[in-house]
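The lines below spell out each chain.
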2 protein chains.
Amino acid sequence: MHEGLAVSERPLGAVHLGEDRARFRVWAPNADKVELVLQGKLERRIPLEPEASGYHQALVDGVAPGARYHYDLGGGKLRPDPASRLQPEGVHGPSEVVRSFSDHTPGWTGRPLDEYVIYELHVGTFTPEGTFDAAISRLSHLRELGITAVELMPVAAFPGERNWGYDGAYPFAVQASYGGPEGLRRFVDACHAEGIAVILDVVYNHLGPEGTYLADFGPYFASYYRTRWGDALNFDGPHSDEVRKFFIESALHFVTQMGIDALRLDAVNAIVDNSPLSFFEELGEAVHRRASELGRLVHLIAESDDNDPRLVTPSSQGGHGLDGLWNDDVHYALLALLTNERIGYLQDFGLVEQLAKTFRENFAFAGEYSKYRQRRRGRPAASVDPRRLVTFVQNHDQVGNRPRGERLSARVSFDKQKLAAAVVLLSPFLPLLFMGEEYGEIAPFPYFTSHGDPTLVENVRKGRAAEMAKLGYSEKPFDPQDEATFRRAKLDFKLRTTGDHGRLLAWYKELIRARRELFAFAAEGGRQAVAFEDERLLYVRRWNRDSEVFVIYHFGDHPVTVTLPVPSGTFRRSLASSEARFGGKGDVSAPEEITSTGLVRVTLGPSEAALYVRAR
Amino acid sequence: MHEGLAVSERPLGAVHLGEDRARFRVWAPNADKVELVLQGKLERRIPLEPEASGYHQALVDGVAPGARYHYDLGGGKLRPDPASRLQPEGVHGPSEVVRSFSDHTPGWTGRPLDEYVIYELHVGTFTPEGTFDAAISRLSHLRELGITAVELMPVAAFPGERNWGYDGAYPFAVQASYGGPEGLRRFVDACHAEGIAVILDVVYNHLGPEGTYLADFGPYFASYYRTRWGDALNFDGPHSDEVRKFFIESALHFVTQMGIDALRLDAVNAIVDNSPLSFFEELGEAVHRRASELGRLVHLIAESDDNDPRLVTPSSQGGHGLDGLWNDDVHYALLALLTNERIGYLQDFGLVEQLAKTFRENFAFAGEYSKYRQRRRGRPAASVDPRRLVTFVQNHDQVGNRPRGERLSARVSFDKQKLAAAVVLLSPFLPLLFMGEEYGEIAPFPYFTSHGDPTLVENVRKGRAAEMAKLGYSEKPFDPQDEATFRRAKLDFKLRTTGDHGRLLAWYKELIRARRELFAFAAEGGRQAVAFEDERLLYVRRWNRDSEVFVIYHFGDHPVTVTLPVPSGTFRRSLASSEARFGGKGDVSAPEEITSTGLVRVTLGPSEAALYVRAR
């Protein structure tokens, strides 16, 4: 067998071992010697002991949680710890030693992935306070909604106090302004107490443009590959074993010390790795082994819009062995039907059949030519279990990567929001909601930053404006650096009980309940999807040994009558988006009961969605 | 299913269709319009018709083979055809229309890969004349030696008249000074007449630094990946479908028009392709489909020292679906045992056990850490059929990538050359000989070029010297651009009948004969290899239902006695390197017969190799 990466006998970073003792360990092959510089009334300097492969370490007494430190790499280079757990004074300041945590929440071992109903949230804008502790106060809302997993946008320490999180500079650290590791762990334990798993969004494809000092320590970057965010990380060049170890350790740190149940691997397609044993395989192996040792369920979910089934194919079958994968095609196909926009990636969509195909074969693009990408996209993936694929009406990307960050609520009617929710929540895929979506939040979610470097600030401003213009948008983007842009993104949570917002919330709850209670939305079985292009209507049937359901989705703005291939028998309407309790005007077109002899004519109202369950 | 690349309904380049008619087709998405400029007493200009996806084409009358042309891309850009078949005036000159060829040699359908005994040759230095026609005169020597496949170093048109071939600028063209397409096809037909298949070395990982005008035509390159030879080719970015098509068309051209039986894909590890459907899969699919349509056997063999079994794993099992793969580890392990050199990659080797491991599990490095590469290398591959793996005592790379280009004959004794040959030729792998090796050629094979650009000449000189110094060599390299360096590499073919050269040749012939006749070296069966580290001795046993053999290889310089785990029974010595007919001094130590009861003590002379076959 190949030599596995031995990880974690001695974790990287500062590990508090007891009363006043800590081990410091850093990978710094560029440095001949590394000195630990501990702040205090009297500064202490402790030389680290060099080890094989460029590691340096020391066991140091007289160090308690709260101690702040740098590494002196020589040549005047005083640097924070690449594996810092906390940057209390920001990305340019010292690192802080934190206490050690328990490797599980008592009584909690995780949830199977197919139970996940995911709620993506950004800690800084989810609540007025923008902290983990404030977020805890809203968990009961999520539980009542039926959420089983919260997905945190990245919390790795970033410059300033406002950032989406993808500019993180310290892959082991938790943003201090959110509450640091203590805050995150309280949040995780509180989620678990509500029966909610926690997914953490982690970025292994680049590091933020400010506050990253990794290049001073060693060859963390591979200059021979470039990503849109700069040099790629070194996953296949000389010393890549140690770079892999660094990121795998970071993953294990969040799983064990922070109690995280799943990792969402950001933009895996921007990770370039031309080696026979992929970084993903090693990451998966290490995380799954650790989870199994701890008796917990931990999942790895890749974000990619490449539609590559190998990401979730077992390693023994030539795949990367991850557990879950993004499925953007449902969103693309859906948005093109709901809006008349054809900007950017939406130019490839617009047919009901594309959405139907996702229901049948998982991806709409499984090798077809994409005009937007100017090449073919994807690979056939019909054999992938749809319960490994994450889909959504919207997420932070599709909302935020618009000049004004408009949510779907600002782009389509109330009825169409309900229709969209039904597509995602009654699909065979894992659904993901973007915070506030469930009650039609109206605050935008524009791109925001709080960089410290004025040149960077200007470059981001210009880059953002150029990107939006290139996509074809004519509006000027909100200024990312302006604090008002960030404040604008905060949820107006009290909306959720008012008027149509409350009725939308009721619809989401019912959809999630139906999803949970009707076998067909969780268990394996047959699936059929038929597109009626002229009528802008989609018929989706799903069945297994015990049960049978179908859903009719109508994307048109006028009533239509179609002949559906409903199997013989009688079906009862279980839910319709046009019901008064969900804000309908009292005119439900979808019949209460459908009795078919193989084909049946049905009339649907504008933007109506209806779920039917076999009665007999 | 994914959309396959539709190739060859209308091939790229100038295709002669009959008496005086030709179709011209070029992929030039960067050009608004493309004009064909035909040379002649009167220059003719014919606008090409733009087609979808950036193609331009025209059916032109009054064009016979021999016609020379450029494409005018506008803006003063008069360029040769990227898919030129012949550059009669060099890489910067016009392209030439050539006749169309038959898609097979009558009576020849190829050979199964497991029959291949490969002879690598460089057309320019194999004969005094340096042409395909001159090479034909030596094919009877190869047939008598037992060679079943000739591997041509790259013949794609390169700058000047002297080049290893890896600076090729026109992937469809055949170097004019070698004899062009007519010469290559005569050579291929002559090989087939001798029962010899032809493998062509093709370079899809970069294009030569001089005479390449592809970037004027379209996005053939991917600037976001860099290889050691510059920007990588675009196999996964926008427009990559067409770039893939260009190279796949080139492969199909050589298979159909030139009659080539197999392609050796140069340095596939330098091809970066982050897409779900790999270029290799598509290339393999297209070539195998075409071969099957023609009723021929065509193989794709990847050169890579990454030890990645996925290259030869079927596409349906998550692999790239190629047929063969380089196995450098046998060479590395062998050379470290034969020489005391530990320079460059040899620093990772030196144990008999490493060679033993290749016999048992194919690769010595299957995930182990490599000091030379400063990372782990390879992936377990014991389940790969060894008859898919190409190995060698030496090839152009290991000979030529030394300052003075010394062959093994200049580095080790006559006895050790024989020992090395036995390791490779009696192995379960596909053996490859480097031209002249079979009779101990003494001419070196240094790196040579004949670039036209003085700056490039100087850069290559300096780069080469720097590379050799970095590897740890103290000698100054021969000047690549000096014609004497090239002339020095020409074989002294008459040596083959003289003294020890002739006796070495006899040994090679007998080894190849034994390989062919003794089932065990071709058919599947069990394999066992035991290393005796202190005695510098390797025992390799192979067996199947019908037969059983073992070989003893002794790498030491003094006689040794060891106890071998020979199975019960009697074995006859079939061949020993120390026999007088192979230049031994009349003192064969290896006994003529070995009768074992499970363990047996045997004495071997210095550098002795002996093959035993079960008698009863």
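Look up a bit, the structure's there.
Residues numbered from 1 in each chain as written. Chains lettered and ligands numbered in written order. Predicted model: local features only at pLDDT ≥ 70, side-chain atom pairs only at ≥ 80, totals over all residues. Heavy atoms only, no water.

Caption draft 1: The overall build of chain A, seen in detail. Per the secondary structure count, chain A includes 14 helices and 29 strands. The globule rule puts the C-alpha radius of gyration for 616 residues at 25 Å, and the 25 Å found for chain A is close to it. Taking the principal axes of its C-alpha atoms as reference, chain A extends roughly 85 × 55 × 50 Å. Of all 616 residues assigned to chain A, the portion counted as buried reaches 64%. In chain A, 71% of the contacts between residues at least 6 apart in sequence involve partners at least 24 apart. (Helix = DSSP H or I, 4+ residues; strand = E, 2+ residues; numbered from the N terminus. Rg over C-alpha atoms; globule rule 2.2 N^0.38 Å. Buried < 20%, exposed > 50% of the residue type's maximum accessible area, 1.4 Å probe, protein only. Contact = heavy atoms within 4.5 Å.)

Caption draft 2: Seen up close, the interface of chain A and chain B. Each partner contributes to the interface: chain A provides 46 residues, whereas chain B provides 46 residues. Contact between chain A and chain B buries roughly 3,500 Å² in total, counting both sides, with carbon and sulfur atoms accounting for 40%. Summed over the shared surface of chain A and chain B, the result is eight salt bridges. Top contributing element to the side of chain A that touches chain B by residue count: strand 13 (residues 221–227) of chain A, with four residues. When its residues are assigned to classes, the side of chain A that touches chain B shows twelve nonpolar, 18 polar and 16 charged. (Buried area = accessible area lost by both parts, 1.4 Å probe. Salt bridge = Lys/Arg side-chain N within 4 Å of Asp/Glu carboxyl O. Nonpolar A, V, L, I, M, F, W, Y, C, P; charged D, E, K, R; others polar.)

Caption draft 3: How the structure looks around the packing of helix 6 (residues 240–256) of chain A against helix 7 (residues 279–294) of chain A. All names here are of chain A. Interhelical geometry of helix 6 versus helix 7 gives an angle of 30 degrees and a closest axis separation of 10 Å. The orientation of helix 6 relative to helix 7 falls into the category roughly parallel. Helix-helix and strand crossings are classified by hand; for helix 6 and helix 7 the assignment is right-handed. Judged by residue contacts, Arg244, Phe247, Ile248, Ala251, Leu252, Val255 and Thr256 of helix 6 engage Phe279, Glu282, Leu283, Ala286, Val287, Arg290 and Leu294 from helix 7. Broken down by class, the residue content of the contact of helix 6 with helix 7 amounts to ten nonpolar, one polar and three charged. (Axes fitted to C-alpha atoms, helices over the stretch in contact; angles between N-to-C directions. Parallel < 35°, antiparallel > 145°, perpendicular 65-115°, else oblique. Left-handed = near helix turned anticlockwise from the far one by under 90°.)

Caption draft 4: Looking closely at helix 9 (residues 352–361) of chain A. Residue and element names in this part refer to chain A. Most of helix 9 sits out of view: seven of its ten residues are buried. Regarding helix 9, the residues found buried are Val352, Gln354, Leu355, Ala356, Lys357, Thr358 and Phe359. For helix 9, the secondary structure elements touched by its buried residues are helix 8 (328–338), strand 18 (368–370), helix 11 (414–425), strand 22 (526–532), strand 23 (537–543) and strand 24 (548–554). Backbone geometry just downstream of helix 9 places Asn362 in the positive-phi region, at approximately 80 degrees.

Caption draft 5: Structural view of the environment of Glu353(B). Residues and elements named next belong to chain B. When you line up the elements, Glu353 lands in helix 9 (residues 352–361). Separated by 177 residues in the primary sequence, Glu353 and Val530 place their C-alpha atoms 7.4 Å from one another. Those residues in contact with Glu353, other than ones at most four positions away along the chain, are Arg360, Ala531 and Glu533.

Caption draft 6: Just the packing of aromatic side chains, in detail. Counted under the stated rule, the structure contains 71 aromatic pairs over all chains. Summarising the aromatic geometry, the rings of Phe235(B) and Phe279(B) are spaced 4.2 Å apart at their centres and angled 25 degrees between planes, so their arrangement reads as stacked. Highlighted residues: Phe235(B) in the loop between strand 14 (230–233) and helix 6 (240–256) and Phe279(B) in helix 7 (residues 279–294), separated in sequence by 44 residues. Neither residue differs from the other here; Phe235(B) and Phe279(B) are each classed as buried. Chaining the aromatic ring pairs together yields one cluster made of Trp27(A), Phe172(A), Tyr204(A), Tyr220(A), Phe235(A), Phe246(A), Phe247(A), Phe279(A) and Phe280(A). Against the face of Tyr55(B) rests Arg25(B), its NZ or CZ located 4.4 Å from the ring centre. Over the aromatic face of Phe478(B) sits the side chain of Arg488(B), whose NZ or CZ is 4.0 Å from the ring centroid. (Phe/Tyr/Trp six-rings, centres within 6.5 Å; stacked < 30°, edge-to-face > 60°. Lys NZ or Arg CZ within 6 Å of the ring centre and 35° of its normal.)

Caption draft 7: Structural context of the pairing of strand 23 (residues 537–543) of chain B. Residues and elements named next belong to chain B. Of all seven residues making up strand 23, six are buried, and the element is well covered by its neighbours. As defined by bridge partners, strand 22 (residues 526–532) adjoins strand 23 across seven bridges and the pair is classed as antiparallel. Its bridge partner lying in strand 23, Gly526 is registered against Trp543. The loop that links strand 22 with its antiparallel partner strand 23 comprises four residues; one of these, Arg536, has a positive phi angle of about 50 degrees. Pairing between strand 23 and strand 24 (residues 548–554): seven bridges, direction antiparallel. Note on strand 24: the bridge partner recorded for Leu538 is Tyr553. Between strand 23 and strand 24, which follow one another and run antiparallel, lie four residues. (Pairing = 2+ DSSP bridges.)

Caption draft 8: Highlighting the relation of the copies chain A and chain B. Laying chain A over chain B is done by rotating through 180 degrees and shifting 0.0 Å along the axis; what remains is an RMSD of 0.0 Å. Viewed as a symmetry operation, the transformation between the two copies matches a two-fold axis. Residue by residue, 100% of the interface of chain A is reproduced at the interface of chain B, so both copies engage with the same surface. (Least-squares fit on C-alpha atoms with pLDDT ≥ 70 in both.)

Caption draft 9: Helix 8 (residues 328–338) of chain B, seen in detail. All names here are of chain B. Among the eleven residues that make up helix 8, eleven are buried, leaving the element largely enclosed by the rest of the structure. Within helix 8, the full set of buried residues consists of Asp328, Asp329, Val330, His331, Tyr332, Ala333, Leu334, Leu335, Ala336, Leu337 and Leu338. Each element contacted by the buried residues of helix 8 is listed here: strand 17 (324–326), helix 9, strand 19 (375–377), strand 20 (389–392), helix 10 (396–400) and helix 11 (414–425). For helix 8, the N-terminal cap is Asn327; the gap from its side-chain oxygen to the backbone nitrogen of Asp329 is 3.2 Å. (Polar contact = N/O pair within 3.5 Å; in protein donor to acceptor, adjacent residues only side chain to side chain.)

Caption draft 10: A look at the side chain of Ser578(A). By secondary structure assignment, the location of Ser578(A) is in the loop between strand 26 (569–576) and strand 27 (593–596). A polar side-chain atom of Ser578(A) sits 2.4 Å from a polar atom in the side chain of Glu608(A).

Caption draft 11: Structural detail: the sheet that holds strand 24 of chain A. All names here are of chain A. Across the sheet, which stays open at both edges, the six strands sit in the order 22-23-24-29-26-27 with antiparallel pairing between neighbours. Of all strands in the sheet, those bounded by a partner on one side alone are strand 22 and strand 27. Neighbouring strand axes in the sheet, compared pairwise and without regard to direction, differ in orientation by 20 degrees on average. When strand 24 meets strand 29 (residues 609–614), the two strands line up antiparallel, connected through five bridges. Looking across to strand 29, one finds that Val551 is bridged to Leu611. Helix-sheet contacts for helix 11 involve strand 24 and strand 29, and the interaxial angle to strand 24 is about 145 degrees. Helix 14 (residues 499–517) contacts strand 26 and strand 29 of the sheet and is inclined by roughly 140 degrees relative to strand 26.

Caption draft 12: Here's a closer look at the environment of Asn205(B). Residue and element names in this part refer to chain B. In this structure, Asn205 sits in the loop between strand 12 (197–202) and helix 5 (214–217). Taking relative accessible area as the criterion, Asn205 reaches 1% and is therefore assigned buried. Sequence separation of Asn205 and Ile271 is 66 residues, and the distance between their C-alpha atoms is 5.1 Å. Leaving out residues up to four positions away in the same chain, Asn205 has contacts with Thr227, Trp229, Leu233, Asp266, Ala267, Ala270 and Ile271. Separated by 2.5 Å, the side chains of Asn205 and His206 make a polar contact. Here Asp266 takes part through its backbone oxygen, which lies 2.7 Å from a polar atom of the side chain of Asn205.

Caption draft 13: Structural view of the pattern of salt bridges. All names here are of chain A. This model, assessed by the stated rule, comprises 102 salt bridges over all chains. Put simply, Arg373 and Asp305 hold a salt bridge, and the shortest N to O gap is 2.4 Å. Highlighted residues: Arg373 in the loop between strand 18 and strand 19 (375–377) and Asp305 in the loop between strand 16 (299–302) and strand 17 (324–326), separated in sequence by 68 residues. Like Arg373, the residue Asp305 is buried in the burial classification. Across the pair Glu510 and Arg581 runs a salt bridge whose closest N-O atoms are separated by 4.0 Å. Of this pair, Glu510 sits in helix 14 while Arg581 sits in the loop between strand 26 and strand 27, and the two are 71 residues apart along the sequence. Under the relative-accessibility criterion, Glu510 is labelled buried at 17%. Residue Arg581 is classed as partly exposed on the basis of its relative accessible area of 43%. One connected set of salt bridges, linked through shared partners, spans Glu151, Asp201, Arg264, Asp266 and Glu303.

Caption draft 14: Quick peek at the environment of Gly160(A). Structurally, Gly160(A) is set in the loop between strand 11 (149–152) and helix 4 (180–193). Ignoring any residue separated from it by four or fewer positions in sequence, one finds Gly160(A) in contact with Gln175(A) and Ser450(A).

Caption draft 15: How the structure looks around the sheet that holds strand 29 (residues 609–614) of chain B. Residues and elements named next belong to chain B. Spatially, 22-23-24-29-26-27 is the arrangement adopted by the six strands of the open sheet, whose pairing is antiparallel. Two strands bound the open sheet, and with one partner strand each, they are strand 22 and strand 27 (593–596). Each adjacent strand pair in this sheet contributes to an overall mean axis angle of 20 degrees, direction not counted. Along the sheet, helix 9 makes contact with strand 22, strand 23 and strand 24, crossing strand 22 at roughly 175 degrees.

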